[in-house]
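Below are the chains, spelled out letter by letter.
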Amino acid sequence: MQGVDPQLQAYYGLRAGYYDAVYERPERAADIALLRQLLMGRLTGRRVLEVACGTGYWTQHVAPVSAALVATDATPEPLDLARQRPHAERARFAIADAYQLDAGLGRFDAAFAGLWLSHVPIGRRAQFLRSLHRLLEPGARVLLFDNSQVQLRDFPIVERDAEGNTFQQRVLRDGSVHRVLKNFPGQDELVALVAGIGTEPRYRMLENFWWFEYVLV
Ligand SMILES: C[S@@+](CC[C@H](N)C(=O)[O-])C[C@H]1O[C@@H](n2cnc3c(N)ncnc32)[C@H](O)[C@@H]1O
């Protein structure tokens, strides 16, 4: 997979078994409940593509309400766990690189990606959106959400490159140390990103997460 960052993939492969700890933190519970509610509300009855589904935390909530759901991720380990979630039988799972989504995955009238855009280098955001939009019908709803800067309390920025990408140092339970690209785009950046390709951009800042949605032109 040409588009995949092997370091990021290795990191999420190693972390898969205990990734879900991020959803068990009590201080995030209210925001997570709201995100679940927003997702389920927007995606009910839709044919949905999920990008970078990871261990399928959101997949399990969208699967029962969507008309169809294809959940994709580049890394086999989290995807194997996603396949064991409740309602997994209502989704199709596929290994796929977000930057090169294959037309064979289907045609969709909605898409979402949780906690993914933060890992997309600034210079590759347009590439990701092109790849995604190729599989979507005009009028499709796109939902993106990710960590707010509150997450920096756990993982401060240790590096910034010339393009403005920021990096964190993450230590896994096996003691391995990983340099992880983690960006925190603001409302203006997100709105500018979809100028001319998306309408009705809506941004919402929660305490621990941001939410952004638009309708594909
Ligand atoms: C922070 S996790 C998010 C998982 C899930 N969406 C969630 O919100 O819990 C990021 C995911 O991106 C996946 N990933 C990394 N590079 C990718 C790529 N090029 N295409 C698709 N998924 C990728 C990783 O395997 C990992 O599962």
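Look above for the structure.
Residues numbered from 1 in each chain as written. Predicted model: local features only at pLDDT ≥ 70, side-chain atom pairs only at ≥ 80, totals over all residues. Heavy atoms only, no water.

A. Fine view of helix 5 (residues 125-133). When we look at burial in helix 5, the residues that qualify are Arg 125, Phe 128, Leu 129, Ser 131, Leu 132 and His 133. As for helix 5, its buried residues are in contact with strand 1 (47-50), strand 4 (108-114), strand 5 (136-147), helix 6 (187-193) and strand 10 (209-216). (Buried < 20%, exposed > 50% of the residue type's maximum accessible area, 1.4 Å probe, protein only. Helix = DSSP H or I, 4+ residues; strand = E, 2+ residues; numbered from the N terminus. Contact = heavy atoms within 4.5 Å.)

B. Spotlight on the side chain of Ser 118. Here Ser 118 shows up in the loop between strand 4 and helix 5. In terms of polar contacts, Ser 118 uses its side chain to reach the side chain of Lys 182, at 3.1 Å. Each residue touching Ser 118, except ones within four places of it in the same chain, is listed here: Asp 146, Leu 181, Lys 182 and Asn 183. (Polar contact = N/O pair within 3.5 Å; in protein donor to acceptor, adjacent residues only side chain to side chain.)

C. Here's a closer look at the sheet that holds strand 6 (residues 157-160). Taking strand neighbours across the sheet as the criterion, the three strands line up as 6-7-8 in an open arrangement whose pairing is antiparallel. Looking at the sheet topology across the chains shown, the edges are occupied by strand 6 and strand 8 (177-181). Each adjacent strand pair in this sheet contributes to an overall mean axis angle of 35 degrees, direction not counted. Strand direction decides the pairing type here: strand 7 (residues 166-171) and strand 8, joined by five bridges, are antiparallel. (Pairing = 2+ DSSP bridges. Axes fitted to C-alpha atoms, helices over the stretch in contact; angles between N-to-C directions.)

D. Spotlight on the packing of aromatic side chains. Applying the stated criterion across every chain, the model contains eleven aromatic pairs. Each ring, one from Tyr 19 and one from Tyr 23, has its centre 6.1 Å from the other, and the planes form 65 degrees; the classification is edge-to-face. The burial state of Tyr 19 is the same as that of Tyr 23; both residues are buried. Here the aromatic residues Tyr 11, Tyr 12, Tyr 19, Tyr 23, Tyr 57, Trp 58, Phe 145 and Trp 211 are joined through ring pairs into a cluster of three or more. Looking at Arg 170, its charged tip hangs above the ring of Phe 155, at a distance of 4.6 Å from the centre. In this arrangement the basic side chain of Arg 179 is found over the ring face of Phe 167, its NZ or CZ atom lying 3.9 Å from the centre. (Phe/Tyr/Trp six-rings, centres within 6.5 Å; stacked < 30°, edge-to-face > 60°. Lys NZ or Arg CZ within 6 Å of the ring centre and 35° of its normal.)

E. Here's a closer look at the pattern of salt bridges. One pass over the full model with this rule turns up eleven salt bridges. For Arg 42, the salt bridge is made with Glu 213, and the minimal N-O distance between the two is 2.8 Å. Separated by 171 residues along the polypeptide, Arg 42 in helix 2 (residues 29-43) and Glu 213 in strand 10 bring together distant segments of the chain. Since its relative accessible area comes to 22%, Arg 42 is described here as partly exposed. One continuous salt-bridge network, built from bridges that share partners, spans Arg 25, Glu 27 and Asp 154. (Salt bridge = Lys/Arg side-chain N within 4 Å of Asp/Glu carboxyl O.)

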